[in-house]
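Chain by chain, the residues run as shown.
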Protein chains: 2
Amino acid sequence: MDQLRPDLVPHPAVRRLSLYLRQLELFRRKDRRTVSSKQLGQSLSFTDAQVRKDLAYFGQFGHPGVGYRVDDLIARVRHILGTDKIWSVLLVGAGNLGRALMAYNGFDAKGFRLVAVFDADPAKIGKRQGPFPGSTPADKRSFVIQPLSQLKETTEKQGIRLAILAVPADAAQEVADRLVEAGIRGILNFAPVSLNVPHEIALNAVDLAVQLEQLSFLANFSALSRPA
Amino acid sequence: MDQLRPDLVPHPAVRRLSLYLRQLELFRRKDRRTVSSKQLGQSLSFTDAQVRKDLAYFGQFGHPGVGYRVDDLIARVRHILGTDKIWSVLLVGAGNLGRALMAYNGFDAKGFRLVAVFDADPAKIGKRQGPFPGSTPADKRSFVIQPLSQLKETTEKQGIRLAILAVPADAAQEVADRLVEAGIRGILNFAPVSLNVPHEIALNAVDLAVQLEQLSFLANFSALSRPA
């Protein structure tokens, strides 16, 4: 694995790796032991050539006449994605979207644990948010909102490497700068604005308007192509 | 445009079209009149060949010795994406994420208008949500939560084509089926589960765990490649 040059792996291939992992986990829940590249591809509408090419960036996984061993491939894909260990994640922004992210219970199963929440609003700082509606008795997650002045200390003390940014667009760049200064290595940005970060910092963006544009493109043409 | 076969355009090219549009709008705010494929590409870390290839799926846009006219290209990309008209959008799910989406004020500028919100919870139905904290005096958006039994009637009456799904994973497929039956043509899914919809329905998913996995992949290897 140390030979891998992640900068040479196309981003779409890494994205598909996540999709393969979801599908493999689904196969395992159905007690499947092995799967071929064709079966894995078909379940996600990819060709078997695409599956083999994507996996080949990371090594040799298949067994002739057997295909992939589901357990083995899950473990290796998790190792590649880095989710075979637990990542501590912090959140900046305790507004509506921030609350949704605090309440979201799908992170833990994927190897991510939200451990700290920050906001600039004095009315929120020091207050506890959670437990959240719909949470199970076993899941009593709650967070005391911290001021941005504690960002660096908390990040270092808790060994946090990843951050989710859910602040208004006009505050996003300043907060991103402070995250980088605090030692954060990867940022998931929900603010509808492009961020400038040093090239060694991983950056992913969820722009809701972009998502809707992709839909309107498809819905637009499916309307055109239907008979009137 | 009617000659275009949208099913032959690769999804990543459509996604980049959204990015080109954001960048072109930024150029226009800075009073730029024209831009070359090289300049447009550089601003987004793409090659000029990539820009030309993506745009070539949709027609001939450049002018020799001038490049692209910014206003003209914005108008044409919006037309391709279908955002030169206003799309009415409905939302199912008035929980934390749903509230964040109701409060989000970035949709209107992109040609999307949230016009109706549905939920299955009798405690929420009939109640008004909003105006939202942080909204401007001019923006007094609020929504009366409707029951799912009104989905079809509202969709037809208001000519809604796009839906955002922000419900728990175990309810998502059933709601998706009802959306399709109600005449919805495109679904943006936030539930962490794969949906089955007829092939003529556009489907886009925002899986938060997948987003974080992409980050951990990059942060993982940037850690490995740093000297210890």
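Read on for an overview of the structure. Remember, it's a predicted structure, so these values are computed and weren't measured experimentally.

## Details of the relation of the copies chain A and chain B
The two copies are related by a screw motion: chain A maps onto chain B through a turn of 180 degrees and a shift of 0.0 Å along the axis, at an RMSD of 0.0 Å. These values place the two chain copies in the arrangement generated by a two-fold rotation axis.

## Concerning the sheet that holds strand β3 (residues 87–92) of chain A
All names here are of chain A. The strand order across the open sheet formed by 5 strands is β4-β3-β7-β8-β9, and the pairing between neighbours is parallel. In this open sheet, the two strands that pair with only one neighbour each are β4 (112–118) and β9 (202–205). Recorded for the sheet is a direction-independent mean angle of 20 degrees between the axes of neighbouring strands. Relative to β4, β3 runs parallel, the two being bridged by 6 bridges. Each residue of the ladder has a partner; that of Ser88, found in β4, is Arg113. Where helix α7 (residues 169–181) meets the sheet, its contacts fall on β3, β7 (162–165) and β8 (186–189), and the angle it forms with β7 comes to roughly 170 degrees.

## Thoughts on the nonpolar core
The biggest cluster of nonpolar side chains holds 50 residues, and the ones touching the most others in it are Met102 and Ile164 of chain A together with Met102 and Ile164 of chain B. Not counting the four nearest positions on each side in its chain, Ile164 of chain B is found in contact with Leu212 of chain A together with Val89, Leu90, Leu91, Val92, Leu101, Phe107, Leu188 and Phe190 of chain B.

## Comments concerning the pairing of strand β7 (residues 162–165) of chain B
Residue and element names in this part refer to chain B. Of the two faces of β7, the one holding Leu162 and Ile164 and the one holding Ala163 and Leu165 are both buried throughout. Bridge count for strand β3 (residues 87–92) against β7 is 4 bridges, and the pairing is parallel. Looking at the pairing, Val89 lines up with Leu162 of β7. Pairing of β7 with strand β8 (residues 186–189), which is carried by 4 bridges, proceeds in the parallel orientation. When the bridges of β8 are listed, Leu165 appears paired with Asn189. Regarding topology, helix α7 (residues 169–182) serves as the crossover connection from β7 to the parallel β8, and that connection is right-handed.

About the cut-offs
Residues numbered from 1 in each chain as written. Chains lettered and ligands numbered in written order. Predicted model: local features only at pLDDT ≥ 70, side-chain atom pairs only at ≥ 80, totals over all residues. Heavy atoms only, no water. Least-squares fit on C-alpha atoms with pLDDT ≥ 70 in both. Pairing = 2+ DSSP bridges. Helix = DSSP H or I, 4+ residues; strand = E, 2+ residues; numbered from the N terminus. Axes fitted to C-alpha atoms, helices over the stretch in contact; angles between N-to-C directions. Contact = heavy atoms within 4.5 Å. Core = buried A, V, L, I, M, F, W, Y, C linked by side-chain atoms within 4.5 Å. Buried < 20%, exposed > 50% of the residue type's maximum accessible area, 1.4 Å probe, protein only. Right-handed = clockwise from strand over helix to strand, strands pointing away.

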